[in-house]
Amino acid sequence: MLERESVLAVSRAARDAGVHAGMRRAGALTLAPHVTLVERDELREAAVLQALGMALLRFSPQVTLASEATVLMDIGASLRLFGGIRALRRHVIDTVKVLALTGRVALSPTGTGAWLLARRAQIALSEASLRRKITPLPVALLPQARPAATWLAGVGCHTLGAVLRLPRAGLSRRADPGLLLALDRAVGAVPEGFAWLIPPPTFDARQELPDRTDRADLIACYAQALVVQLTGWLAAGFRAITALTILLEHERGRDAVAPTEIKVMFAEPANETIRIQRLIKERIERTELPAPAIVLRLRVDDVRAAEQLSDSLFPEPGGTPADHARLIELLAARLGEERLRRPAPIADHRPEVANRWVPYHRRGTIAPAKHLRRPLWLLDKPIELKTRNHRPFYGSALRLASAPERIEAGWWSEPFAARDYFVAQGADHRCYWIYRERGSLYDDTDPRWFLHGLFG
Amino acid sequence: MILYIHTALLPSAPIIMIVAPESIHPALWRASSLGRGATRCLASGHAHLDTELPGGGWPVGTLVDLLTPHAGVGEVRLLQPALTSLGARPIFFVSPPHSPSMQALANWGVPTGGLHLVEPQTLADALWSTEQILRAGIAGAVLFWQPQVRSEALRRLHLAAQTSETAFFMIRPLNAANLASPSPLRLRLEPAPDGVSVFFLKRRGPARDEPLFVPLYPSPFASKRHAPVDRRTSPLPLPRSVSADLDA
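Residues numbered from 1 in each chain as written. Chains lettered and ligands numbered in written order. Predicted model: local features only at pLDDT ≥ 70, side-chain atom pairs only at ≥ 80, totals over all residues.

### A few points about the overall build of chain B
As a reminder, the rule being used: Only DSSP runs of H or I covering at least 4 residues are called helices, and only runs of E covering at least 2 are called strands; the numbering of each starts at the N terminus. Every C-beta atom is placed from the backbone, and the number of other C-beta atoms within 10 Å of a residue's own sets its class: buried at 20 or more, exposed at 12 or fewer, partly exposed in between.
Scanning chain B from terminus to terminus reveals 7 helices and 11 strands. Going through the 248 residues of chain B one by one, you find that 42% of them count as buried.

### Observations regarding the overall build of chain A
How we decide: Whether two residues are in contact depends on their C-beta atoms, placed from the backbone: they are in contact if these lie within 7 Å.
If you tally the helices and strands in chain A, you get 14 helices and 18 strands. Every one of the 456 residues in chain A was classed for burial, and the buried ones make up 30%. For chain A, restricting intrachain contacts to residue pairs at least 6 apart in sequence, the fraction spanning at least 24 positions comes to 53%.

### Focus on the interface of chain A and chain B
Note the following rule: In the scheme used here, Gly and all other residues not listed as nonpolar or charged are polar, with Ala, Val, Leu, Ile, Met, Phe, Trp, Tyr, Cys and Pro taken as nonpolar and Asp, Glu, Lys and Arg as charged. A pair of strands counts as paired when DSSP detects no fewer than two bridges linking them.
On the chain B side, the residues contacting the 43 residues of chain A number 42 residues. Looking at the side of chain A that touches chain B, the elements with two or more residues in it are α13 (321–335), β9 (340–343), α14 (351–354) and β11 (377–388) of chain A. If you tally residues by element for the side of chain A that touches chain B, the top one is α13 of chain A, at 7 residues. The class makeup of the residues in the side of chain A that touches chain B is 25 nonpolar, 7 polar and 11 charged. Two strands pair when backbone bridges link them, and β11 of chain A and strand β5 (residues 99–100) of chain B are joined in this way by 2 bridges, in the antiparallel orientation. Its bridge partner being in β5 of chain B, W377 of chain A is matched across the sheet by P100 of chain B.

### With respect to the environment of T387 of chain A
Residues and elements named next belong to chain A. Mapped onto the fold, T387 is located in strand β11. Separated by 61 residues in sequence, T387 and R448 have C-alpha atoms that sit 8.3 Å apart. Those residues in contact with T387 that lie beyond four places of it in its chain are P392, F393, D446 and W449.

### Regarding the sheet that holds strand β8 (residues 293–305) of chain A
All names here are of chain A. Basically, it comes down to this: All axes here are fitted lines through C-alpha atoms, helices being fitted over the stretch that makes contact, and every angle between N-to-C directions spans 0 to 180 degrees.
Read from one edge to the other, the open sheet built from 4 strands follows the order β5-β8-β6-β7, with strand pairing classed as antiparallel. The strands lining the two open edges of the sheet, one partner per strand, are β5 (204–213) and β7 (260–270). Taken over all neighbouring pairs, the strand axes of this sheet differ in orientation by 20° on average, direction set aside. Of the pairings in the sheet, the one linking strand β6 (residues 239–249) to β7 comprises 7 bridges and is antiparallel in character. Paired with I241 across the strands is A270, a residue of β7. The strands touched by helix α12 (residues 273–286) are β6 and β7; relative to β7, the strand with the most contacts, the crossing angle is about 145°.

### Things to note about the sheet that holds strand β10 (residues 357–359) of chain A
Spatially, β10(A)-β9(A)-β6(B)-β4(B)-β7(B)-β8(B)-β3(B)-β9(B)-β10(B)-β11(B) is the arrangement adopted by the 10 strands of the open sheet, whose pairing is mixed. With one partner strand each, in any of the chains shown, β10 of chain A together with β11 (212–215) of chain B form the two edges of the open sheet. Neighbour to neighbour, the strand axes of the sheet diverge by 30° on average, direction disregarded.

### What to know about the confidence of the model for chain B
Threshold: For every residue, the predictor reports its confidence as pLDDT, a number between 0 and 100.
Confidence along chain B averages 82 in pLDDT terms, with 81% of residues attaining 70 or more. Confidence estimates for the predicted assembly give a pTM of 0.63 and an ipTM of 0.79.

### Quick notes on the packing of helix α3 (residues 42–56) of chain A against helix α11 (residues 216–236) of chain A
Residues and elements named next belong to chain A. Heads up, the rule is: Comment on the angle field: the value is read as roughly parallel under 35 degrees, roughly antiparallel over 145, roughly perpendicular from 65 to 115, and oblique elsewhere. In this scheme the handedness of a crossing depends on how the near helix is turned from the far one: anticlockwise by less than a right angle means left-handed, clockwise means right-handed.
Direction vectors running N to C along α3 and α11 enclose 55°, while the axes themselves pass 6 Å from each other. On the basis of their axis angle, the class for α3 and α11 is oblique. Remark: the crossing between α3 and α11 carries left-handed chirality. Each of A51, M54, A55 and L56 in α3 lies in contact with α11, whose residues at this interface are V228, Q229, G232 and W233.

### Considerations on the pairing of β11 of chain A
Strand residues, when the strand is regular, have side chains that alternate between the two faces of the sheet. All names here are of chain A. The pairing of β11 with strand β18 (residues 448–454) spans 5 bridges and is antiparallel. Residue pairing for β18: L385 is matched across the bridge by W449. Bridging between β11 and strand β12 (residues 391–394) involves 3 bridges; their strand directions are antiparallel. In the strand pairing of β12, T387 is matched with P392. The antiparallel pairing of β11 with β12 creates a hairpin that spans 2 residues between the two strands, and N389 there sits at a positive phi of about 50°.

### Structural notes on α12 of chain A
Residue and element names in this part refer to chain A. As a reminder of what qualifies: One less than the number of residues in a helix, times 1.5 Å, gives the span that helix is expected to have.
Its 14 residues give α12 an end-to-end C-alpha distance of 20 Å, which sits within 8% of 20 Å, the value for a rise of 1.5 Å per residue. Within α12 the residues assigned to the buried category are T273, R275, I276, Q277, R278, L279, I280, K281, E282 and I284. Residues of α12 that are buried sit in contact with α11, β6, β7 and α13.

### Observations regarding the confidence of the model for chain A
On average, residues of chain A score 83 in pLDDT, and 95% of them are at 70 or above. Within chain A, the lowest mean pLDDT, 70, falls on strand β1 (residues 2–3) of chain A, and the highest, 90, falls on β18 of chain A.

### With respect to the nonpolar core
Quick note on the threshold: Nonpolar cores are built from buried Ala, Val, Leu, Ile, Met, Phe, Trp, Tyr and Cys residues. These are joined into a set through C-beta atoms within 7 Å.
Among the nonpolar cores identified, the biggest contains 154 residues, and L56, I280 and I434 of chain A together with V142 and F169 of chain B are the most heavily contacted of them. The contact partners of L56 of chain A, leaving out residues within four places of it in the chain, are V63, V71, M73, V92, T95 and G232 of chain A. In this structure, V7, A14, V19 and M23 of chain A belong to the second largest nonpolar core, which totals 5 residues.

### Quick notes on α3 of chain A
Residue and element names in this part refer to chain A. Between its terminal C-alpha atoms α3 stretches 21 Å, which fits the 21 Å expected from 15 residues at 1.5 Å a residue. When we look at burial in α3, the residues that qualify are A51, L52, G53, M54, A55 and L56. Here the buried face of α3 lies against β3 (63–66), β4 (70–73), α4 (84–98), β5 and α11.

### With respect to the environment of E127 of chain A
Within the secondary structure, E127 of chain A is located in helix α6 (residues 127–134). Non-local contacts of E127 of chain A, meaning those with residues more than four positions away in its chain, are made with P109 and G188 of chain A.

### Comments concerning the packing of α11 of chain A against α12 of chain A
All names here are of chain A. With their axes 9 Å apart at the nearest point, α11 and α12 run at an angle of 150° to one another. On the basis of their axis angle, the class for α11 and α12 is roughly antiparallel. In the packing of α11 onto α12, the handedness of the crossing is right-handed. Between α11, through A216, I219, A220, A223, Q224, V227, V228, L230 and T231, and α12, the contact on the second element is made entirely by T273, I276, Q277, I280, K281, I284 and E285. Class assignment for the residues of the contact of α11 with α12 results in 10 nonpolar, 4 polar and 2 charged.

### Re the environment of E22 of chain B
Residues and elements named next belong to chain B. Structurally, E22 can be placed in helix α1 (residues 21–24). E22 gets classed as partly exposed once you count the C-beta atoms within 10 Å, which come to 16. Between the C-alpha atoms of E22 and R36, which are 14 residues apart in sequence, the distance is 8.0 Å. Among residues more than four places away in sequence, those in contact with E22 are L28, W29 and R36.

### Concerning unusual backbone geometry
Even without being a glycine, A121 of chain A presents a positive backbone phi close to 55°. Residue A121 of chain A is classed as exposed on the basis of its C-beta count, with 11 C-beta atoms lying within 10 Å. Phi at S95 of chain B takes a positive value of approximately 40°, unusual for a residue other than glycine. Examined against the element boundaries, S95 of chain B turns out to sit in the loop between β4 (91–94) and β5.

Listed below in structure tokens is the structure:
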């Protein structure tokens, strides 16, 4: 990576080839001609830092973007909720990884102290250990000390510990007063104030894909980086999402293709990363892309206030309504809305009309009639039965074992039914629900028999 | 200091103490009697069937294999008392062979509010949905129809079932009887007049060769509200003789 024609950062492979920070562009190219040179893009860096800040809002409302690619977060009030300091640190490291970033995590009782320790990824949990760990750090680490670094080195102060031991009055006179203030803040002698990150009122984030791709699993993987930002944004405002849109932008320019829009609706307001991610993944996998995608965008369409769940002391077996909604949502996302159905009977005499199953999200139901003796399995299309000796035949000759039930309905619409239903029994004792179609009075053809149900 | 004084009478002839295997570990049972495992059971509602099932009912959180020659032998009516006893807990029908009639289920007393019909298009989707339903742990019962399932998939479903409190039944055709299954309870059902004959292919207990007749209600024939009296239900299980060296 280059900044003003000199090398700023190098990858491991480049370092092995002999390139190091501070080299000129020409020098790097001479040593390793195949090296890829990238200009530093401060705007993109700021955007990445902003994304990380948003994602970290999930763990604490007090997140601030500090100088030199550092994010500071006050976790004092979040420790119990996330299961202690170790668990929280692991959560933060995971979040950083999901965003495809590398980072060092430091913990300290003061914000400035944490900023300093982050350069070395150290942990200090008490003020005494913080002071001990700051002492050996080089002077140049603190930005406020850099202008004075030369004369500090001249008086033999190479570490921050040595600066702390200098007479305060003389130091404040000779150096920038900010230096003393920063040091006092770092060790906790002076309180700190930060401008905390304020989440924007709407959420619309984009993620560039590394290359043109139409592989759903890859796109879903990159969507994860957007989802962690989304959950941070939701947590900061105590919100839960009910609808979002995924936009997959394709090639621009001459062969421009309109972006693919995937709308994701949630049965129940959601604010957990895993649930949102799972649903988005299922939806992306089910979508056919017209062209490879280059940019992934996630836009929130509808939110509402999150319901705060309280843990119950004795959880009920069988899960909560939220668990149920989550399962329904997941099944509907993969199988399709119309493949997951619930009973919604219609008051009609025709059994195939009365037995109506509707997609699960459709509301409104009446209880089915309870007095009817119906077979469990209704064939979608009745099977016409052969007759032998004027008796219906299905595998074996069927014996009619019940009185007929006459159903005549539906003259106003299709299908018209004029049927006499019987329970018939075969030689193997299986029971069948069959009907005889009634023709007109003057029709003297043989009656036709149909199999309509099985007693399961 | 002597804390415990343990005395043992040593008679001249050695006495072999017979320890109940359940006292060693709840998962152990004697080959001649039915296993009373630690698994929770759901009463099947058929008294004679309960005495033949290990644990005294349909095991919960276990894959139960029901093998039928074809749909419509009374396979769901056999489960009806158990389904009714679940109350409002959800019941899932995954890829049933035909459209289930909600009027029939309402007639049996199964609450229709908790019925879910899942009709996946492919085998992979069907296995996935069943696994998700079992893992969610909210379902009271899952009935899964699938003619051809590989034994790895069965094992996976069995493991998923073990994480939940769900009664999980797989209804499969007869030819599946020859294939291996991780299920600890496998029954074959054959139609019989006014009921169903249950053959025990595999259970935690003694093998039973003759079928058990289970009368089914409601009978398809209207106005027949009493159990048939011309049929003997099968006797209680007798301990099978086990060879002397095993018993010793």
